[in-house]
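What the coordinates show
These are the residues of each chain, in order.
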Amino acid sequence: MKKFITLCIATLLLLTTAVNVNANTHNINQATALIDSAMQESLSIINDPALTTEIKRKKLWPIVTSYFDFTLISELTLGKFSADATSPLGDYSDRRFTAKQQAEFTDAFTIHLGNLYLDKLNNDSQFSVQLTRTSAMKPIRKMQRARVNSLINKKTTIDYSLRLKNDEWRIYDIKVEGRSLISSFRKEYSAILLKKTPDELLALLNEKNLAHTGNNAEQ
């Protein structure tokens, strides 16, 4: 799970530029100018040896949240247990999230993912990025989608799935050498929800986040 933590950050802005150019040509000029500027800022943060890990975290987190669609990530992660899902749950009908519970899950899960990503940063982090291919994906529920394939440090394959939301592309899944972020967490949380309620899963996530905050405060 943690293998792709920091690697993903380095290409967030690069891949968004590529998708705008290939799959959303009606606003290329404005998007390219904006994202090119943000891309340079992001990579300069990651590859700057003068910045401490703490400063990198603070500078990168707003950039990461700008390009990930955490609402959709959370919905797809919960799968059949999500608030809007229609799949019958049978004996586990009490495990379906309410809209309020799902909103709380999205907030807690976003923090959890952020911790996983940024914990892998260190003062010596250095990355190179090579985009290999951008392609349109089959629409789902009228959702326009695209995929960007990249190679990090000339050896690790990372593929990004994006959807068009409010005329902007947002990442909703990442695959590192074929392993999907959403699929991994969906499998983990589905197993938990067969034994525990949504409130209990929320409590587990919040406990992890609080423990992470406490550990960082002690350092």
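An account of the accompanying structure is given in this report.

Parameters and conventions
Counting from 1, residues in each chain are numbered in the order their sequence is written. Predicted model: local features are reported for residues with pLDDT of at least 70 only, side-chain atom pairs are reported and counted for 80 or more only, and whole-chain, interface and lining totals are derived from all residues. Working from all heavy atoms in the structure, the side-chain values ignore hydrogens and water. For helices, the axis comes from a line fit to the C-alpha atoms of the stretch in contact; other axes are also lines fit to C-alpha atoms, and the angle between any two N-to-C directions lies between 0 and 180 degrees. Going along the chain from the N terminus, every DSSP run of H or I of four or more residues is numbered as a helix, and every run of E of two or more is numbered as a strand. Oblique is the label for every angle not falling under 35 degrees (roughly parallel), over 145 degrees (roughly antiparallel), or within 65 to 115 degrees (roughly perpendicular). Pairs of residues are marked as contacts when any of their non-hydrogen atoms sit within 4.5 Å. Think of it as three bins: nonpolar holds Ala, Val, Leu, Ile, Met, Phe, Trp, Tyr, Cys and Pro, charged holds Asp, Glu, Lys and Arg, and polar takes everything else, Gly as well. We count a salt bridge whenever a side-chain nitrogen from Lys or Arg sits within 4 Å of a carboxyl oxygen from Asp or Glu. In this analysis, rings of Phe, Tyr and Trp, with Trp reduced to its six-membered ring, are considered paired at centre separations within 6.5 Å, and the interplanar angle assigns stacked below 30 degrees, edge-to-face beyond 60, and tilted for intermediate values. A simple rule labels every residue: compare its accessible area, found with a 1.4 Å probe on the protein chains alone, to the largest value its type can have, and call it buried under 20%, exposed over 50%, or partly exposed in between. Paired strands are those between which DSSP finds at least two bridges.

1. Describing the packing of helix α4 (residues 70-78) against helix α5 (residues 99-118)
One way to put it is that α4 packs onto α5 with a least axis distance of 9 Å and a crossing angle of 105°. Classified by the interaxial angle, the pair formed by α4 and α5 is roughly perpendicular. Contacts from F70, T71, I73, S74, E75, T77 and L78 in α4 reach Q102, F105, T106, F109, T110 and L113 in α5. In terms of residue class, the contact of α4 with α5 is built from six nonpolar, six polar and one charged.

2. Brief notes about unusual backbone geometry
Look at E177: it is not a glycine, yet its phi comes out positive at around 50°. Locating E177 in the fold gives a position in the loop between β4 (168-176) and β5 (179-180).

3. Description of the pattern of salt bridges
Considering all chains together, one arrives at four salt bridges under this definition. E54 is the salt-bridge partner of K58, the closest N and O atoms lying 3.4 Å from each other. One end of the pair is K58 and the other is E54, both in helix α3 (residues 53-67) and four residues apart, which spans about a single turn.

4. Side note on the packing of aromatic side chains
Under the counting rule described, the total for this entry stands at eight aromatic pairs. Geometrically, the ring pair formed by F68 and F70 is tilted, given 5.5 Å between the ring centres and 35° between the ring planes. There is no split in this pair, since F68 and F70 are both buried.

5. A word on the pairing of β4
With seven of nine residues buried, β4 is to be regarded as a mostly interior element. As paired strands, strand β3 (residues 156-165) and β4 are joined by eight bridges and run antiparallel to one another. Bridge assignment links L162 to a residue of β4, and that residue is I171. Hairpin geometry of β3 and β4 is characterised by an intervening segment of two residues between the two adjacent antiparallel strands and by a positive phi of about 55° at N166. Looking at chain direction, β4 and β5 are connected through two bridges and run antiparallel.

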